[in-house]
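# Analysis of the macromolecular model
Residues per chain, in single letters:
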Amino acid sequence: MPEDGYEWKKYGQKYIKNIQKIRSYFRCRHKLCGAKKKVEWHPSDPSSDLRIVYDGAHQHGSPPAAASPAGPGAAAGSNRYELGAQYFGGGARPQ
DNA sequence: AGCCTTTGACCAGCG
DNA sequence: TCGCTGGTCAAAGGC
């Protein structure tokens, strides 16, 4: 699973037949954080169709970007999760 | 000892 | 009202 810089705790995993993909449910380890993360991927091509759906907003500061794509400070969004439900698509990334 | 991860079952909403 | 799907919680094992 891809590291986005935040800490998550997996609390479930189900196969969504509607889209024929695996969906993993993650939750922020912080109690003051109602942020959630859902990761979907193909059962046969996990690296070809990765999908990440962020739900909620983090109620704490930004953690040390562990896997920043361009270094610290350039994480895929600091705390803009307040937008509600961010939708990230590995093969369908807007902008 | 504490934390994390994984699987099954249960609950709620919709057709 | 029933069946199905999506989503969440709990318990056990390993490091």
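Thresholds, definitions, all that
- Residues numbered from 1 in each chain as written.
- Chains lettered and ligands numbered in written order.
- Predicted model: local features only at pLDDT ≥ 70, side-chain atom pairs only at ≥ 80, totals over all residues.
- Heavy atoms only, no water.
- Near = heavy atom within 4 Å.
- Polar contact = N/O pair within 3.5 Å; in protein donor to acceptor, adjacent residues only side chain to side chain.
- Helix = DSSP H or I, 4+ residues; strand = E, 2+ residues; numbered from the N terminus.
- pLDDT = per-residue confidence, 0-100.
- Nonpolar A, V, L, I, M, F, W, Y, C, P; charged D, E, K, R; others polar.
- Phe/Tyr/Trp six-rings, centres within 6.5 Å; stacked < 30°, edge-to-face > 60°.
- Buried < 20%, exposed > 50% of the residue type's maximum accessible area, 1.4 Å probe, protein only.
- Salt bridge = Lys/Arg side-chain N within 4 Å of Asp/Glu carboxyl O.

## Digging into the protein's contact with DNA strand C
Near DNA strand C the following residues occur: Tyr11, Lys14, Ile16, Lys17, Asn18, Arg23, Tyr25, Arg27 and Lys36. Those atoms of DNA strand C that come within 4 Å of the protein belong to sugar or phosphate at a rate of 67%. Residue arginine 23 places a side-chain N or O atom 2.7 Å away from a phosphate oxygen belonging to DNA strand C. Note that a phosphate oxygen of DNA strand C is positioned 2.6 Å from one of the side-chain N or O atoms of arginine 27. The set of elements that each furnish at least two residues to the surface near DNA strand C consists of strand S1 (8–16) and strand S2 (21–28).

## Regarding the confidence of the model for chain A
Of the residues in chain A, 66% have a pLDDT of 70 or more, and the chain-wide mean is 74. Of all the helices and strands in chain A, strand S5 (residues 85–89) carries the lowest mean pLDDT, 69, while S1 carries the highest, 93.

## A few points about the protein's contact with DNA strand B
Taken together, the residues surrounding DNA strand B are Lys9, Lys10, Gln13 and Arg29. For DNA strand B, a phosphate oxygen lies 2.8 Å from a polar atom in the side chain of arginine 29. A class-by-class count of the residues in the surface near DNA strand B yields no nonpolar, one polar and three charged.

## What to know about the packing of aromatic side chains
Tallied over the full model, the rule gives three aromatic pairs. Ring geometry for tryptophan 8 and tyrosine 54: centres 5.7 Å apart, planes at 55°, overall tilted. Here the residue tryptophan 8 occupies a position in strand S1, and tyrosine 54 occupies one in strand S4 (residues 51–55), the gap between them amounting to 46 residues. Judged by relative accessible area, tyrosine 54 falls into the buried class, the value being 5%. Each ring, one from tyrosine 11 and one from tyrosine 25, has its centre 5.9 Å from the other, and the planes form 45°; the classification is tilted. Taken together, the positions of tyrosine 11 in strand S1 and tyrosine 25 in strand S2 put the pair 14 residues apart, joining distant regions of the chain.

## Some thoughts on the pattern of salt bridges
Tallying each qualifying case throughout the model produces seven salt bridges. Close ionic contact of aspartate 55 with lysine 38 constitutes a salt bridge, the shortest N to O distance being 2.6 Å. Of this pair, aspartate 55 sits in strand S4 while lysine 38 sits in strand S3 (residues 36–41); the two residues are 17 residues apart in sequence, bridging distant segments of the chain. In this structure, aspartate 49 and arginine 51 form a salt bridge, with 3.7 Å as the shortest nitrogen-oxygen distance. Classification of aspartate 49 by relative accessible area gives partly exposed; the value is 22%. Taking relative accessible area as the criterion, arginine 51 reaches 17% and is therefore assigned buried. One salt-bridge network, in which partners are shared between bridges, spans Lys21, Arg23, Glu40, Asp49 and Arg51.

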